[in-house]
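# An overview of the molecular structure
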Amino acid sequence: MSFLQLSKVSKSYEGPAGGQSILVFQDANLELEPGQSAAIVGPSGSGKSTLLNIIGALDKPTSGIVQVDGQNIPELQDKAAAAFRNLTVGFIFQIHHLLPQCTVLENVLVPTQAGHTKKEHVGVINQRARSLLGDVGLSQRVQHRPGELSGGERQRVSVARALINQPKILLADEPTGALDQENSSNLVDILLKLQKEKNLTLIVVTHSMPIAEKMDQVYRLENGTMQKL
Ligand SMILES: Nc1ncnc2c1ncn2[C@@H]1O[C@H](COP(=O)(O)OP(=O)(O)O)[C@@H](O)[C@H]1O
Ligand SMILES: [Mg+2]
């Protein structure tokens, strides 16, 4: 059994009353170990975000098994699912969702404010946040507000924020979708460097084949099925 293993995962939505249900995908399989990366490519609407959300316990499959470290994630009760989302998984989205009124440092610290984070000395957490901001090249920007940063810099803040609780899995949903080419390749290099350093399982949804090919595995979601390329 792999560290992260999807077996025959299917997702459909209820159709309009009396109508047919809408199949998003069927029997998706995926296996990743710590320190491995994968890309998911496929057309818009093929279910890439849905699949990522299922892995991250933001959504539930209609059927199938989603195992992380021996636990079936869709079976987690609310509290355990919330802890899993906060501690085991880090999320990066196309839109950074930073809090505009908070500094860069404060934004990185947001995920440490949830109730289930283990009690750590505030100095230790602050040091980790500053170290991560160094990793993403923003040491000089910790007291700035998101509005004072470029799009690429803001997305790098969201990478630091995704890693502040030392997750094992990093899920990135079109993280470069709003960036130009130079910032995109810079962001991907940072993601891969941190993934290796921290032995993370990384899954990146992307429309870019050059980015996808930098990952250890590439999967394509299309017409309701997922194929490993
Ligand atoms: N709450 C919902 N109810 C019904 N259909 C949904 C819902 N959420 C997503 N879908 C449908 O599921 C499909 C996959 O969506 P999504 O995972 O966002 O695709 P992608 O990220 O590949 O663009 C789309 O056809 C979308 O319309
Ligand atoms: Mg999507």
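See the structure printed just above.
The model shown is predicted, which means the values in this text are computed figures rather than measured ones. (Residues numbered from 1 in each chain as written. Chains lettered and ligands numbered in written order. Predicted model: local features only at pLDDT ≥ 70, side-chain atom pairs only at ≥ 80, totals over all residues. Heavy atoms only, no water.)

## Some points on helix α1 (residues 48-55)
What counts is decided by this rule: A simple rule labels every residue: compare its accessible area, found with a 1.4 Å probe on the protein chains alone, to the largest value its type can have, and call it buried under 20%, exposed over 50%, or partly exposed in between. Under the scheme used here, helices are H or I runs from DSSP no shorter than 4 residues and strands are E runs no shorter than 2 residues, and both carry numbers assigned from the N terminus.
Burial analysis of α1 places six of its eight residues in the buried class, which makes it a mostly covered element. Residues of α1 that are buried include every one of Lys-48, Thr-50, Leu-51, Leu-52, Ile-54 and Ile-55, and no others. Count one or two residues on from α1 and you reach Ala-57, which has phi positive near 60°.

## Re the pairing of strand β10 (residues 225-228)
For the record, the criterion: Any two strands with at least two DSSP bridges between them are considered paired.
In this sheet, β10 lies alongside strand β9 (residues 217-222) in antiparallel orientation, the contact comprising four bridges. Pairing of Leu-221 across the sheet is with Met-226, part of β10. Counted along the chain from β9 to the antiparallel partner β10, the turn is two residues long, and its residue Asn-223 has a positive phi close to 50°.

## A word on the packing of aromatic side chains
Between two aromatic rings, the relevant description is the distance of the centres plus the angle of the planes. Counted only if it meets this: Here is the rule: rings of Phe, Tyr and Trp (six-membered ring for Trp) pair when centre to centre is within 6.5 Å. Planes less than 30 degrees apart are stacked, more than 60 are edge-to-face, and the remainder are tilted.
Overall, the coordinates contain one aromatic pair when judged by the stated rule. On the basis of an interplanar angle of 5° and a centroid distance of 5.7 Å, the ring pair of Phe-91 and Phe-93 is categorised as stacked. On the basis of relative accessible area, Phe-91 is assigned to the buried category, the value being 15%.

## Focus: the site of ligand 1
Note the cut-off: Near, as used in this document, describes a residue that has one of its heavy atoms within 4 Å of the molecule or strand being considered. Polar contact criterion, stated in full: a pair of N or O atoms within 3.5 Å, where within protein one must be able to donate a hydrogen and the other to accept it, and residues adjacent in sequence count only if both atoms are side-chain atoms.
In the region of ligand 1, the neighbouring residues are Tyr-13, Val-24, Pro-43, Ser-44, Gly-45, Ser-46, Gly-47, Lys-48, Ser-49 and Thr-50. Here an oxygen atom of ligand 1 and a backbone polar atom of Gly-47 are 3.0 Å apart. With three residues, α1 is the single largest residue contributor to the shell around ligand 1.

## A few points about the layout of surface pockets
Short version of the rule: Cavity means a closed set of points on a 1 Å grid over the protein atoms alone, one where a 1.4 Å probe fits but cannot get out, pocket means an open set with protein on both sides within 12 Å along at least 5 of 7 lines, and lining means a residue has an atom within 4 Å of a point. Grid points are joined across faces, edges and corners, and a volume is the space filled by probe spheres set on the points. For this classification, Asp, Glu, Lys and Arg are treated as charged, while Ala, Val, Leu, Ile, Met, Phe, Trp, Tyr, Cys and Pro are nonpolar and the rest, including Gly, are polar.
Of the pockets and cavities examined, the largest pocket occupies roughly 330 Å³. Where the lining of the largest pocket is concerned, the elements lending two or more residues are α2 (78-88), β6 (89-92) and α5 (151-163). Ranked by residues supplied to the lining of the largest pocket, first place goes to β6 with three residues. Tallied by class, the residues present in the lining of the largest pocket amount to nine nonpolar, five polar and two charged.

## Structural notes on the sheet that holds strand β4 (residues 63-68)
In plain terms, the rule: Contacts were defined at the residue level, with two residues in contact if any of their heavy atoms lie within 4.5 Å. Axes, fitted as lines to C-alpha atoms, cover a helix only where it is in contact. Angles between the N-to-C directions of the axes lie from 0 to 180 degrees.
Taken together, four strands build an open sheet; the order of strands is β2-β1-β4-β5 and the sheet is antiparallel. Only two strands of the sheet have a single neighbouring strand rather than two, namely β2 (22-32) and β5 (71-72). Bridge count between strand β1 (residues 4-13) and β4: five bridges; the pairing is antiparallel. Its bridge partner being in β4, Ser-7 is matched across the sheet by Ile-65. Lying over the sheet, α1 contacts β1, β2 and β4, oriented at roughly 125° with respect to β1.

## Points about the sheet that holds β10
Neighbouring strands of a sheet are bound in pairs by backbone hydrogen bonds; such pairs are parallel or else antiparallel. Taken in spatial order, the six strands line up as β6-β7-β8-β3-β9-β10 in an open sheet, and their pairing is mixed. The open sheet has two edge strands with one neighbour each: β6 and β10. Across this sheet, the average inter-strand angle for adjacent strands is 20°, counted without regard to direction. Pairing geometry for strand β3 (residues 37-41) and β9, over four bridges, is parallel. Across the sheet, residue Ala-38 finds its bridge partner in β9, namely Gln-217. Each of β6 and β7 (169-173) touches α5; the most contacted strand, β6, lies at about 165° to it. Packed on one face of the sheet, helix α6 (residues 181-197) meets β3, β6, β7 and β8 (201-205) and runs near 160° to β8.

## Here we look at the nonpolar core
We count it as follows: The nonpolar core is taken to be a set of buried Ala, Val, Leu, Ile, Met, Phe, Trp, Tyr and Cys residues, with the residues joined through side-chain atoms within 4.5 Å.
Counting 38 residues, the largest nonpolar core has Leu-133, Val-136, Val-159, Leu-170 and Met-215 as its most contacted members. Elements supplying a minimum of two residues to this core: β3, α3 (104-109), α4 (122-135), α5, β7, α6, β8 and α7 (209-212). Ranked by residues supplied to this core, first place goes to α6 with six residues. Other than its neighbours up to four places away in sequence, Val-159 contacts Ile-92, Val-136, Leu-187, Leu-191 and Leu-194. The next biggest cluster of nonpolar side chains, apart from the first, holds 31 residues, and it includes Val-9, Leu-30, Leu-51 and Val-66.

## Points about the pattern of salt bridges
Under the convention used in this document: A pair is scored as a salt bridge if a Lys or Arg side-chain nitrogen falls within 4 Å of a carboxyl oxygen belonging to Asp or Glu.
The tally for this structure, following the rule as stated, stands at five salt bridges. The partner of Glu-153 in a salt bridge is Arg-141, and the shortest N-O contact between them spans 3.4 Å. Highlighted residues: Glu-153 in helix α5 and Arg-141 in the loop between α4 and α5, separated in sequence by twelve residues. Put simply, Glu-197 and Lys-193 hold a salt bridge, and the shortest N to O gap is 3.4 Å. Taken as a pair, Glu-197 and Lys-193 lie in helix α6 at a separation of four residues, close to a single helical turn. On the basis of relative accessible area, Lys-193 is assigned to the partly exposed category, the value being 43%.

All we've got here are geometric facts, nothing functional implied.
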